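Survey of secondary and tertiary structure
Next come the chains, spelled out residue by residue.
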Amino acid sequence: IITDGVFNGFPFHALFDSSSNEWVIDKANIKYLSSEKLFMHINNNKLSTRKKFLGFGNPALNKKGLSNEVQKFFSERGDFNIENIIDLYELPESEKEIIGISSFFKNKEIFVQSDETEKNIAKALDKNSGYDFIAFATHSLKGVDKFSNDRGLVLTPINENSYDQDGFLSTA
């Protein structure tokens, strides 16, 4: 896992899969890198087109973009109100990034736009999936709402009244 900004130090290994009642650390071998430049220095035996790749990018959000009043989305502490996720900009370049990375693998599965949901992540990360590489290319933020006050990844929101469909993937 290579993070930046708000996700430096984020414990991805501590994510919990409520559908299988398991922690990510019990289901996957997690490795952290401090820079994408270090990725090329990983043992070449581990990089192979035969490896299995899973990618998520460019959630389906408000195609009209953000309103000019960006301040209204954040609290005084700089936290983002998760109920406003739908109003974030889409990230078409992140979709191209995920497709580009996936081109190095023969065995791949990618989820973009309306398919980049919490439900699809849970299905794809099922214990029997066996992915060697997982990539997220999306917004990251510190979000607050009635369900959480945590750092997380922005996905396609399906139902803002349900913590597992609100478009915010966090450890909470």
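The structure under discussion appears in the preceding block.
Residues numbered from 1 in each chain as written. Predicted model: local features only at pLDDT ≥ 70, side-chain atom pairs only at ≥ 80, totals over all residues. Heavy atoms only, no water.

Turning next to helix α2 (residues 92-102). The periodicity of an α-helix, 3.6 residues per turn, causes residues three or four positions apart to be oriented the same way. By the burial criterion, the buried members of α2 are S94, I98 and S102. Seen end-on, α2 carries its buried residues on one side only, within an arc spanning 75°. Of the exposed residues in α2, the ones pointing more than 90 degrees away from its buried face are E93 and K96. Contacts from the buried residues of α2 go to β3 (52-59), β5 (107-113) and β6 (133-137). (Buried < 20%, exposed > 50% of the residue type's maximum accessible area, 1.4 Å probe, protein only. Helix = DSSP H or I, 4+ residues; strand = E, 2+ residues; numbered from the N terminus. Arc of directions from axis to C-beta. Contact = heavy atoms within 4.5 Å.)

Once that is clear, we can look at the pairing of β6. Only one face of β6 is covered, namely the face carrying F133, A135 and A137; the face carrying I134 and F136 is uncovered. Here five bridges tie β3 to β6, and the two strands are oriented parallel to one another. Counterpart to G55 in the pairing with β6 is A135. (Pairing = 2+ DSSP bridges.)

Applying the stated criterion across every chain, the model contains four aromatic pairs. Here the aromatic rings of F53 and F105 are separated by 5.1 Å at their centres, their planes lie at 10°, and the arrangement is stacked. Of the two residues, F53 is situated in strand β3 and F105 in the loop between α2 and β5; the sequence distance between them amounts to 52 residues. The interplanar angle of 10° and the centroid separation of 5.2 Å between the aromatic rings of F56 and F111 together place this pair among those described as stacked. Taken together, the positions of F56 in strand β3 and F111 in strand β5 put the pair 55 residues apart, joining distant regions of the chain. An identical accessibility class is assigned to F56 and F111; each is buried. Through successive ring pairs, a cluster of aromatic residues spans F53, F105 and F133. (Phe/Tyr/Trp six-rings, centres within 6.5 Å; stacked < 30°, edge-to-face > 60°.)

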